[in-house]
Amino acid sequence: MVWENERRLDYLRMIFDSKTLQLVREEQGNFTFPYTTIQLHLHGVEIRQVWIDGKESNYQGNLLQCNYFQEIRVQGDFDSIKPQNQILANH
C-alpha cells in the first residue's frame, strides 16, 4: 500500500449560545473517514433535542452516537458553560 499521497484533516467548529450548540465538521484530503461510529459526550448540559444533518436524532443522557456527519445541532440549557476562548462566543 502507498500512503504518501493519502491524507485527511477534519476541522470541528463549535458555535453556541444559551440554548443551542452547533458542531460543524469540515474535511480536507482524500483519505476515507476511518470510523464507523462517533460518540460525543456533553457534560454539564441538559439536552432537550438533537438534530444530525437536519434530521431529529435520539440521544441517551449526555451521549450522542452517530455516524459520519456534517452538522450536529443540540438544543438544551447551555447557560452554565462559559467559553474559555472569546472566538467561540463571537461566531
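Residues numbered from 1 in each chain as written. Predicted model: local features only at pLDDT ≥ 70, side-chain atom pairs only at ≥ 80, totals over all residues. Heavy atoms only, no water.

(A) Examining the confidence of the model for the chain more closely. Per-residue pLDDT for the chain has a mean of 83; in total, 82% of the residues score no lower than 70. With pLDDT under 50 throughout, residues 85-91 is counted as low confidence; its partners more than four residues away or in other chains account for four contacts. (pLDDT = per-residue confidence, 0-100. Contact = heavy atoms within 4.5 Å.)

(B) Region of interest: the nonpolar core. Ranked by internal contacts, the top residues of the largest apolar core, which has 16 residues, are Ile47, Val50, Leu64, Phe69, Ile72 and Val74. Contributions of two or more residues to this core are made by strand S2 (20-29), strand S4 (46-52), strand S6 (63-66) and strand S7 (71-77). Per-element tally for this core: the top contributor is S4, with three residues. (Core = buried A, V, L, I, M, F, W, Y, C linked by side-chain atoms within 4.5 Å. Buried < 20%, exposed > 50% of the residue type's maximum accessible area, 1.4 Å probe, protein only. Helix = DSSP H or I, 4+ residues; strand = E, 2+ residues; numbered from the N terminus.)

(C) Expanded view of the pattern of salt bridges. Summed over the entire model, instances satisfying the criterion amount to six salt bridges. Between Arg13 and Glu26 there is a salt bridge, with its nearest N and O atoms 3.3 Å apart. Here the residue Arg13 occupies a position in strand S1 (residues 8-16), and Glu26 occupies one in strand S2, the gap between them amounting to 13 residues. Here the residues in one salt-bridge network are Arg8, Asp10, Arg25 and Glu27, joined through shared partners. (Salt bridge = Lys/Arg side-chain N within 4 Å of Asp/Glu carboxyl O.)

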